[in-house]
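So the chains spell out like this:
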Amino acid sequence: MINNHYSYSPSDSQMIGDPFGDNSAMHKDVNHLSISRGERIDAEIDWTKLKTLHVYDEMENKIMFTDIFKHQKTIIIFTRHFLDFVSKEYVEDIAIIPLEYTQNAGVRLVVIGPAQPKHIKQAFKKLTGLSYSLYVDPEREVYKALGCQDKIATAAVENSKHIKSGFVTGMLSSVWRAMTSGDKEFQGDIQQQGGAFIFGPGDVCHFSHIDQNAADHCPLNDILTRANVMNVSFPKDPRIEIV
């Protein structure tokens, strides 16, 4: 595991994880930026490589990555770092998905972040209300092996179906969480953008979406539809009422 200790400085907005890089771009029209432009349905997966890689659970146990979807079709969503308000609000919407929806479809749902194991339960599951499995890939070996983006990119929040905060309020909330975190350790890597995959059972990739920037995450209902899971009404994407 990598311990990236970070002393927060309010003047360093990019180090706190400014998910949008050049802030002058945040008001640009993003209609030309397709939310699915990172989609690669027939992703080239190096299964031999993946079978050597692992993630961690909250008890710091090593979990072989391919074991996660060995016996069941599984939605796997990679988030940005845990102090990022975009990640927080995206995972808050993941938490809304009723467990019975995925169970009825015979599908598992897993979230993987780039932080340390200690941040899973104490910092992120409690914060977002997530009941689904949450693992971490602190050295980001699995993330990189899947061809996901490792860069700082410009983005806008307006068209996202899962970012509820505006840029300013969102950044302020990220800064506040960084300043009030107990150990002052940065919870991830600001270059990780994220991605979504549907794997399994076994060495099969049914769907992939490579996030090109912080706001380019795949709409959750699009992922659920691909996995034959009932859609959900999210605050910015009302579709089906949760009974």
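Here the structure is a predicted model, which means the values were calculated and not measured.

Draft legend 1. Inspection of the pairing of strand 6 (residues 195-199) at higher detail. In terms of residue burial, strand 6 counts as a mostly covered element, since five of its five residues are buried. Across the two faces of strand 6 the burial is the same, with Gly195, Phe197 and Phe199 and Ala196 and Ile198 all buried. By the bridge criterion, five bridges tie strand 6 to strand 7 (residues 205-210) in an arrangement that is antiparallel. If you follow Ala196 over to strand 7, its bridge partner there is His209. The antiparallel hairpin formed by strand 6 and strand 7 contains five residues in its connecting segment, where Gly200 sits at a positive phi of about 80°.

Draft legend 2. Just helix 2 (residues 85-96), in detail. Under the 1.5 Å per step criterion, the end-to-end length of helix 2 is 17 Å for twelve residues, consistent within 8% with the ideal 16 Å. In terms of burial, helix 2 is largely enclosed, as ten of its twelve residues are buried. Of the residues making up helix 2, those classed as buried are Phe85, Val86, Ser87, Lys88, Glu89, Tyr90, Val91, Asp93, Ile94 and Ala95.

Draft legend 3. Here's a closer look at the side chain of Asp137. The topology assignment puts Asp137 in the loop between strand 5 (133-136) and helix 5 (141-145). Salt bridges are absent for the buried Asp137, whose nearest opposite-charge side chain, Arg140, sits at 7.0 Å. A distance of 3.0 Å separates the side chain of Asp137 from the backbone nitrogen of Tyr143, its partner in a polar contact. Residues within four places of Asp137 in sequence aside, it is in contact with His54, Val55, Phe78, Ile112, Gly113, Pro114, Val142 and Tyr143.

Draft legend 4. A look at the packing of aromatic side chains. This model, assessed by the stated rule, comprises nine aromatic pairs. When the ring of Phe65 is compared with that of Phe69, the centres are 5.4 Å apart and the planes differ by 75°; the resulting orientation is edge-to-face. The residues Phe65 and Phe69 share a single accessibility class, namely buried. A network of ring pairs unites the aromatic residues Trp47, Phe65, Phe69, Phe78, Tyr143, Phe197 and Phe199 as a single cluster.

Draft legend 5. Region of the structure containing the pattern of salt bridges. The final tally for this structure, using the stated rule, is two salt bridges. Put simply, Asp203 and Lys51 hold a salt bridge, and the shortest N to O gap is 2.7 Å. You can see Asp203 sitting in the loop between strand 6 and strand 7 and its partner Lys51 sitting in the loop between helix 1 (47-50) and strand 1 (54-56), a full 152 residues away along the chain. As a salt-bridge pair, Glu92 and Lys88 come within 2.7 Å of each other at their nearest N and O atoms. With Glu92 and Lys88 both in helix 2 and four residues apart, this pair spans about one turn of that helix. Looking at Glu92, the relative accessible area reads 22%, which means it is partly exposed. For Lys88, a relative accessible area of 19% corresponds to the buried category.

Cut-offs and rules
All chains use their own residue numbering, which begins from 1 and follows the written sequence. Residues qualify for local features only when their pLDDT is at least 70, as the model is predicted, and side-chain atom pairs are given and counted only at 80 or more; totals for whole chains, interfaces and linings, by contrast, use all residues. Heavy atoms throughout the structure, all of them, feed into the side-chain values; hydrogens and water do not. Burial here depends on accessible area, computed with a 1.4 Å probe over protein chains only, as a share of the maximum for the residue type. Under 20% is buried, over 50% is exposed, and the range in between is partly exposed. Secondary structure elements follow DSSP: runs of H or I of four or more residues count as helices, runs of E of two or more count as strands, with numbering from the N terminus. A pair of strands is treated as paired once DSSP finds two or more bridges between them. Each helix should span, by expectation, one fewer than its residue count multiplied by 1.5 Å. His is not counted, nor are the chain ends, whereas Lys and Arg count as positive and Asp and Glu as negative. The salt bridge criterion pairs a side-chain nitrogen of Lys or Arg with a carboxyl oxygen of Asp or Glu, the two atoms within 4 Å. Residues adjacent in sequence count toward polar contacts only when both atoms are side-chain atoms; beyond that, a polar contact is any pair of N or O atoms within 3.5 Å, and within protein one must be able to donate a hydrogen and the other to accept it. We call two residues contacting when some pair of their heavy atoms lies within 4.5 Å. Only rings of Phe, Tyr and Trp enter the pairing, Trp through its six-membered ring, and a pair is recorded when the two centres are within 6.5 Å. The plane angle decides the type: under 30 degrees is stacked, over 60 is edge-to-face, the rest tilted.

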